[in-house]
Amino acid sequence: DAMVIQNPRYQVTQFGKPVTLSCSQTLNHNVMYWYQQKSSQAPKLLFHYYDKDFNNEADTPDNFQSRRPNTSFCFLDIRSPGLGDAAMYLCATSRGGAYYEQYFGPGTRLTVT
Amino acid sequence: AQKITQTQPGMFVQEKEAVTLDCTYDTSDQSYGLFWYKQPSSGEMIFLIYQGSYDEQNATEGRYSLNFQKARKSANLVISASQLGDSAMYFCAMREVQYNFNKFYFGSGTKLNVKP
């Protein structure tokens with residue numbers, strides 16, 4: 001009964017070749033998040049949506065874009081991946097408000113060759 | 001200033017013993033939520049326990065309890081009767097009501113190793 005699903009689980013792309021990661025949820029949560037996580041580090045928030053409102057972190061590179069076509073789906077587009085973009089990408093969802101936890105997907109491990 | 005500070009990069013505990021993972025936070029908001037997550041080597045983040053700033057009692061969930069000391073701005077996670085499967089990274093996180101209430105602030109994590 002997966003609640004936050006990420007596809008693919010593993011993605012290999014070439015340097016500079018655009019790649020899209022997808023996330024879907026069955027929880028009907030209005031907030032969706034994308035995080036980048038490198039080995040043994042805390043997850044780094046890239047952006048989040050509150051319903052259709054897009055919130056970009058100030059230090060998220062322009063190379064990273066996101067789309068949320070409906071409540072259930074959210075996509076992370078990396079326009080020109082560099083070697084430094086190799087990481088685990090985590091999608092999460094939550095209800096709006098400070099008192100609700102996040103539910104995470106299993107992550108997509110991105111390798112850039 | 002860091003919103004969440006976890007000062008223990010790594011810890012060891014003997015199986016069946018209790019362990020405390022430290023977390024301090026910084027906020028000027030009166031209303032906020034505090035969360036602990038576990039991340040095994042598989043990579044998935046698992047929600048463990050939540051404490052609201054107005055909750056007077058410490059939160060408990062099975063073997064997990066949260067030692068909440070509001071005046072000291074600390075929210076330590078206590079794991080009782082450690083098991084080998086508790087070996088993982090543990091992250092403390094906070095979410096504020098007033099300032100960007102959908103954003104979670106994470107600490108740098110503590111890697112826990114449970115020894116048999």
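Refer to the structure above for everything that follows.
Residues numbered from 1 in each chain as written. Chains lettered and ligands numbered in written order. Predicted model: local features only at pLDDT ≥ 70, side-chain atom pairs only at ≥ 80, totals over all residues. Heavy atoms only, no water.

> Is there a simple way to think about the overall build of chain B in this case?
The helix and strand tally for chain B stands at zero helices and 12 strands. Counting helices and strands in the order they occur from the N terminus, chain B gives β-β-β-β-β-β-β-β-β-β-β-β. On C-alpha atoms alone, chain B measures out to a radius of gyration of 14 Å, which is about the 13 Å that the 2.2 N^0.38 rule sets for 116 residues. In terms of principal-axis extent, the alpha carbons of chain B reach across some 45 × 30 × 20 Å. Sorting the 116 residues of chain B into buried and exposed places 49% on the buried side. (Helix = DSSP H or I, 4+ residues; strand = E, 2+ residues; numbered from the N terminus. Rg over C-alpha atoms; globule rule 2.2 N^0.38 Å. Buried < 20%, exposed > 50% of the residue type's maximum accessible area, 1.4 Å probe, protein only.)

> Any chance you could explain the state of the cysteines here in plain terms?
Between two cysteines, a covalent bond joining their sulfur atoms is known as a disulfide. Here the structure, examined in full by the defined rule, presents two disulfides over all chains. Between the sulfur atoms of C23 of chain A and its disulfide partner C91 of chain A the distance amounts to 1.9 Å. Disulfide C23 of chain A-C91 of chain A: the torsion about the S-S bond is -75°, which places it as left-handed. Note that C23 of chain A is positioned in strand β3 (residues 19–25) and C91 of chain A in strand β9 (residues 87–94), a separation of 68 residues in sequence. A relative accessible area of 1% means that C23 of chain A is categorised as buried. Across the disulfide from C23 of chain B sits C92 of chain B; the S-S distance is 2.0 Å. Because the sign of the S-S torsion sets the handedness, a value of about -65° for the bond joining C23 of chain B and C92 of chain B places this disulfide among the left-handed ones. Of the two residues, C23 of chain B sits in the loop between β3 (19–21) and β4 (24–25) while C92 of chain B sits in strand β10 (residues 88–96), which places them 69 residues apart along the sequence. The burial state of C23 of chain B is the same as that of C92 of chain B; both residues are buried. (Disulfide = S-S within 2.5 Å.)

> Hey, could you run me through the interface of chain A and chain B in this one?
Counting residues at the interface gives 26 residues for chain A and 26 residues for chain B. Interface area for chain A against chain B, summed over the two sides, is near 1900 Å², with a carbon-plus-sulfur share of 57%. On the chain A side of the interface with chain B, the three residues burying the most area are A98, Y99 and F104 of chain A, jointly 29% of the side's total. Residue K103 of chain B pairs with E57 of chain A through a salt bridge whose shortest N-O separation is 2.6 Å. Counting across the interface, chain A meets chain B through 10 residue pairs in polar contact (both at pLDDT 80 or more). Within the residue set of the side of chain A that touches chain B, elements represented by two or more residues are β4 (31–37), β5 (44–50) and β9 of chain A. The leading source of residues in the side of chain A that touches chain B is β4 of chain A, at four residues. In terms of residue class, the side of chain A that touches chain B is made up of 14 nonpolar, nine polar and three charged. (Contact = heavy atoms within 4.5 Å. Buried area = accessible area lost by both parts, 1.4 Å probe. Salt bridge = Lys/Arg side-chain N within 4 Å of Asp/Glu carboxyl O. Polar contact = N/O pair within 3.5 Å; in protein donor to acceptor, adjacent residues only side chain to side chain. Nonpolar A, V, L, I, M, F, W, Y, C, P; charged D, E, K, R; others polar.)

> Looking at this model, I keep getting lost on the packing of aromatic side chains. Mind explaining?
Aromatic rings considered in pairs are described by the distance between their centres and by the relative angle of their planes. Counted under the stated rule, the structure contains 18 aromatic pairs over all chains. Geometrically, the ring pair formed by Y49 of chain A and F54 of chain A is tilted, given 5.1 Å between the ring centres and 55° between the ring planes. Exposure remark for Y49 of chain A: the relative accessible area of 7% places this residue in the buried category. For F54 of chain A, a relative accessible area of 38% corresponds to the partly exposed category. Here F104 of chain A and Y37 of chain B contribute two aromatic rings whose centre-to-centre distance is 5.6 Å and whose plane-to-plane angle is 80°, an arrangement assigned as edge-to-face. Here Y37 of chain B lies in strand β5 (residues 32–39) and F104 of chain A lies in strand β10 (residues 103–104), a pairing that spans two chains. Its relative accessible area of 0% is what places Y37 of chain B among the buried residues. Taken together, the aromatic side chains of Y33, Y35 and F104 of chain A together with F35, Y37, F47, Y50, F91, F104 and F106 of chain B make up a single cluster linked through ring pairs. In this arrangement the basic side chain of K3 of chain B is found over the ring face of Y105 of chain B, its NZ or CZ atom lying 5.2 Å from the centre. Over the aromatic face of Y64 of chain B sits the side chain of R63 of chain B, whose NZ or CZ is 5.7 Å from the ring centroid. (Phe/Tyr/Trp six-rings, centres within 6.5 Å; stacked < 30°, edge-to-face > 60°. Lys NZ or Arg CZ within 6 Å of the ring centre and 35° of its normal.)

Fair warning: the whole summary comes from geometry, so function is off the table for now.
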